[in-house]
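# Chain and residue survey
Chain by chain, the residues run as shown.
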Amino acid sequence: MSIVLQEGQAKSPEQGAKGEPKAVKKGADKAQQQQQAGSPAAPSRPEELPKGIAGAAVPRDGIADVKRMVPDGEPGALPLNADLAWIGKRVPRVDGPAKTTGRARYTADVYLPGMLYAVMVDSRLPHARIRNIDTSAAARAPGVKGVYILKHLTGGIAELKDPALDPASKYPIVRFAGQPILGVAAATQAQARDAAKLVKIDYDPIPFVATLEQAKQPNSPPVYPGVAASAGSAGGGGGAHNVPQKNNVRGPALGPRGAEKGSTELGFKSAADGGGAIVESTYRTQVQTQSALETHGVVADWKPELLTVYASTQGTASVRDEMAEYFEIPKSQVRVITEFMGGGFGAKFGAGNCGVIATGLSKQIGKPVKLMLDRRQEHLVAMRPDSEQHLKIGAGKDGIITAMHLVSYGTAGVGTGAGTAGPVQNLYKCDNVLTEEYDVFTNTGPGAAMRAPGHPQGAFALEQAIDEMAVKLNMDPLEFRDKNDEQPARREERRIGAQLAGWSNRKPAGSDSGSIKRGLGMAQGVWYRIVSMDSNAEVRISRDGAVEVLSGVQDIGGGIRTIMSQVVAEELGLDPRQVTVKIGDTNYPQGPNSGGSTTTGSITPAVRDAAFKARTQLARQVAPALGAHPEDLVFSRGQIGVKGGKSMAFKSAVARMNTDEISARAARSRDYADAEGTGSKTKSERITYGGVHFAQVAVDTGTGVVRVEKFWAIQDCGRPMNPLYLESQINGGVIQGISYALWEDRIIDPNSGIMLNPNLEEYKILGSKDVPEIHVHIIQNYLGLSSTDAGGIGEPSKVPAAAAVANAVYNAIGARVYELPIRPAVVLAALNNKTQGANA
């Protein structure tokens, strides 16, 4: 027997006999109804567009019932959001009052009895051997209690495959200006800062290389004396292993999946011989630093029986694991706490060198030690790599892409992971694809995962090339994408975005009159469904009516606290304010590290499953008081009862429990397999999330200044759990993307290797007056792969933004820009090249 839902029919969590497939609603575009289960789907429910827009709703022709093999003990499919009480609703943040009143405790707010303050001393040279470190004067300075020198480094810095190639030394080789060396702890911050200035370091300078162009040269000074690579973090990053390395250049890493797909040579020949077109250009993007408002920092409290670490981190578990490994103690003797954290875009995983220094000092002195990086140091510890991408695309005269070839170089400084090929490999259907990615070492700070590693760079190149191809073929850029992008969610997003942005009224490129020219451009992106199986939750119900949900997952600003309360409230028929959420502590069940848009899709199914188990136990205990069978009970609006019969308040019902507490724990199960047992396809074909952005810009052709006036972001992320938070995340992604497009740029002096703008005054980021009018539209895209259908939005909302701005600039001035940031000089040069071309 199998259970099949009819359209509009809701299924109670108890439906589905043991061992039988449970039907899960899934949205699918009409043209995609025959897709294999598990492929991404289009919106499945009407969503109102702003008044005055033609075609006021997404067509409700996409409801499809798919059968899934749901593990025993898990709840059945959730109804659509419109039929739920809390999930999918704009529930305010449960921690909002704590944040707005200042009661929220961030790492910098942690003060422990007897706590000392530490300052990190870092190198001011980009490449050197350390002959000697004299800390005697610092140790004698007023208030100083200890000095700790790093024995080896962590935090994204590459390691030699053969460590013996480095000359023997007491100290790590310095490979970038800003490399951590030691820490000084004192009774006050000022005393620690003064003492740090007394440290004397005797350097033996080594020739260095600071820029991508220099480092690519065969005779450039080597950053490493042999093959080196860095590992990725929970947020991504790292680079390909087992690839060639010549001096500072590692690669190529070939793709897709280690080899050429089809034959690009034949694909380009087909385009040329068939009357199609070929587009070929080089695109450059800059280094972007993380610039989180809260810098990296920890408070370490070493006790013989337990190391307690308060950390500004995206991964309590990853900090615990690295601390245990570095100091050679069991994981059970490390507790990591992150109550609140002020920004983490991919760089805050693991112990970090500052964490090691603080912990080493605490162990040495026997007192808690706080170490927060200053703003200069924060700019040097992590960055988004730059890129130089040579991209060639061929298409037939029918508009079908026949070949794509990308050769990219990028530097992650002393680390690896500068690849940009994700969009070329995964955004458009093409039978002939070759990507060649090279990491280039320089004597600069290490790269780190940063909100969709490699994808904003890759989309900047690819989406401009796609637009240019459409122009060559005399096709509308949206029509060209429709021909080559089969992902149904993005197809719907393009349609909605075109209506919202008034695409049909777009003027020909450069046709606006006057010195201020306006343009409308669009771009799209791709990101992946990533699930962490280290996602666990526990739900407790006490006899006094208290309900708690516990998990080690940390809230890095996305609002997962509130979403967890919504999920539990939905399952138990309560108000989210009745649910206490306890997170950010490794003493709780392990939660996922928050990176790669992993958190919501990983932890919410575990939370719902735990709540369902607790509910099932509760039903068994209170059913006799209601004269009903447990499976007949309904949990709704703060009541437990029998539909159409007797009911009582939740608090009164739980008072009849025969135990003081009910506790249920659940772990994230694997994505559901389809009823035929062939699996959800997550291994054989990637499930992706979309995102289509439209930008309207005004370009002053006299000064070259670009201003983004309006922006439309149309996104999908599975089931929208809380539109309020999704809009906030998308706004943040758009703002970061515009900032990346127009201003942000780490400037390194090639003669000294020192960053010249390590602050938030000269490292320009978008300010409040630079923010355009942003319109967000979220589509519902039920995949039917977990008990919540949820996905993430952090990465997808960032990927296409800069490319959309660049395409809008082209539409405004009729000349294309090939590098970021789009400074006035870049715009004026593009206009000059256009004029020279016209006069040639």
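Right above here is the structure, for reference.
Below: a short report on this structure. Not measured: the values here are computed from a predicted model.

Analysis parameters
Residues numbered from 1 in each chain as written. Predicted model: local features only at pLDDT ≥ 70, side-chain atom pairs only at ≥ 80, totals over all residues. Heavy atoms only, no water. Helix = DSSP H or I, 4+ residues; strand = E, 2+ residues; numbered from the N terminus. Rg over C-alpha atoms; globule rule 2.2 N^0.38 Å. Buried < 20%, exposed > 50% of the residue type's maximum accessible area, 1.4 Å probe, protein only. Contact = heavy atoms within 4.5 Å. Areas by Shrake-Rupley, 256 points an atom, 1.4 Å probe, with all protein chains shown as cover. Core = buried A, V, L, I, M, F, W, Y, C linked by side-chain atoms within 4.5 Å. Arc of directions from axis to C-beta. Polar contact = N/O pair within 3.5 Å; in protein donor to acceptor, adjacent residues only side chain to side chain. Pairing = 2+ DSSP bridges. Axes fitted to C-alpha atoms, helices over the stretch in contact; angles between N-to-C directions. Expected span 1.5 Å × (residues − 1). Parallel < 35°, antiparallel > 145°, perpendicular 65-115°, else oblique. Left-handed = near helix turned anticlockwise from the far one by under 90°. Phe/Tyr/Trp six-rings, centres within 6.5 Å; stacked < 30°, edge-to-face > 60°. Nonpolar A, V, L, I, M, F, W, Y, C, P; charged D, E, K, R; others polar.

### So, the overall build of the chain
- A count of helical and extended segments in the chain gives 18 helices and 35 strands.
- Computed over C-alpha atoms, the radius of gyration of the chain comes to 28 Å, within 12% of the 28 Å expected from 2.2 N^0.38 for 840 residues, which places it in the range of a compact globule.
- Its C-alpha atoms give the chain principal-axis dimensions of roughly 85 × 75 × 45 Å.
- Classification of the 840 residues of the chain by burial places 60% in the buried group.
- Taking contacts inside the chain between residues at least 6 apart in sequence as the whole, the part at least 24 apart equals 80%.
- Counting only carbon and sulfur atoms, one obtains 50% of the accessible surface of the chain, whose full area is about 31700 Å².

### Things to note about the environment of Phe-327
- By the element assignment, Phe-327 lies in the loop between helix H6 (316–326) and strand E16 (334–337).
- Along the backbone, Phe-327 and Val-94 are 233 residues apart, and their C-alpha atoms lie at a distance of 37 Å.
- If we ignore the near neighbours within four places in the chain, the residues touching Phe-327 are Tyr-148, Trp-302, Val-356, Thr-359 and Gly-360.

### A short note on the nonpolar core
- Ranked by size, the top nonpolar core spans 69 residues in total, and within it Phe-711 and Val-805 carry the most contacts.
- Per element, the largest residue contribution to this core is 10 residues, and it comes from helix H17 (residues 801–813).
- Phe-711 has contacts with His-693, Phe-694, Ala-695, Val-734, Ile-738, Pro-772, Glu-773, Ile-774, His-775, Ala-801, Ala-804 and Val-805, leaving out every residue within four places of it along the chain.
- Grouped together as the second largest cluster of nonpolar side chains are 47 residues, Phe-176, Val-336, Leu-371 and Val-407 included.

### Considering helix H11 (residues 477–484)
- Among the residues of H11, Pro-477, Leu-478, Phe-480, Arg-481 and Asn-484 are the ones counted as buried. Buried residues of H11, seen end-on, are gathered within an arc of 160° and therefore sit on one face of the element.
- With a side-chain oxygen lying 2.7 Å from the backbone nitrogen of Leu-478, the N-terminal cap of H11 falls on Asp-476.

### A few points about the sheet that holds strand E33 (residues 692–700)
- Pairing is mixed in the open sheet, where four strands are placed in the order E22-E33-E34-E35. A strand with exactly one partner marks an edge of an open sheet, and here the two such strands are strand E22 (516–524) and strand E35 (773–779). Adjacent strand axes in the sheet meet at a mean angle of 10°, parallel and antiparallel pairs treated alike.
- Both E22 and E33 contribute to a ladder of nine bridges, which runs antiparallel. Counted as the bridge partner of Gln-524 is Val-692 from E33.
- Where helix H16 (residues 723–742) meets the sheet, it contacts E33, strand E34 (706–716) and E35, and its direction lies at approximately 130° from that of E35.

### Digging into helix H7 (residues 352–365)
- Look at H7: 20 Å from first C-alpha to last across 14 residues, which is about the 20 Å you get at 1.5 Å a residue.
- Judged by how many residues are buried, H7 sits mostly within the fold: 11 of 14 residues are covered.
- The set of residues buried in H7 consists of Gly-352, Asn-353, Cys-354, Gly-355, Val-356, Ile-357, Ala-358, Thr-359, Gly-360, Leu-361 and Ser-362.

### Digging into the pairing of strand E24 (residues 536–542)
- Most of E24 is tucked away, with six of its seven residues classed as buried.
- The sheet contact formed by E24 and strand E30 (residues 661–667) spans seven bridges and is antiparallel. In the sheet register, Val-539 faces E30, and the bridge partner there is Ala-664.
- Inspection of the sheet shows E24 paired to strand E25 (residues 547–550) by four bridges, in the antiparallel sense. By the bridge assignment, Val-539 is partnered in E25 with Val-549.
- Hairpin connection, E24 to E25: the antiparallel pair is bridged by four residues, and Gly-545 has positive phi, about 95°.

### Examining the packing of H11 against helix H12 (residues 488–501)
- It is the contact of H11 with H12, at a shortest axis distance of 10 Å, that shows an interaxial angle of 165°. Between H11 and H12, the angle is such that the two are roughly antiparallel. Remark: the crossing between H11 and H12 carries left-handed chirality. Contact residues: Leu-478, Arg-481 and Asp-482 in H11; Arg-491, Arg-494 and Ala-498 in H12.

### Things to note about the packing of aromatic side chains
- For the structure on display, the rule yields nine aromatic pairs.
- For the pair Tyr-224 and Phe-441, a centre-to-centre distance of 4.8 Å together with 65° between the ring planes defines the contact as edge-to-face. Residue Tyr-224 is located in the loop between helix H4 (212–216) and strand E9 (228–229), and its partner Phe-441 is located in the loop between strand E21 (433–440) and helix H10 (455–472); the two are separated by 217 residues in the primary sequence. Taken as a pair, Tyr-224 and Phe-441 share a single burial class, namely buried.

### Comments concerning the packing of helix H13 (residues 560–572) against helix H14 (residues 599–626)
- Running from N to C, H13 and H14 point in directions that differ by 30°, and their axes come no closer than 9 Å. For the element pair H13 / H14, the angle class is roughly parallel. Pair H13 / H14 crosses with right-handed handedness. Within the contact between the two elements, H13 uses Ile-560, Ile-563, Met-564, Val-567, Val-568, Glu-571 and Leu-572 and H14 uses Thr-599, Thr-600, Ile-603, Thr-604, Val-607, Arg-608, Ala-611, Phe-612 and Arg-615.
- Counted by class, the contact of H13 with H14 contains 10 nonpolar, three polar and three charged residues.

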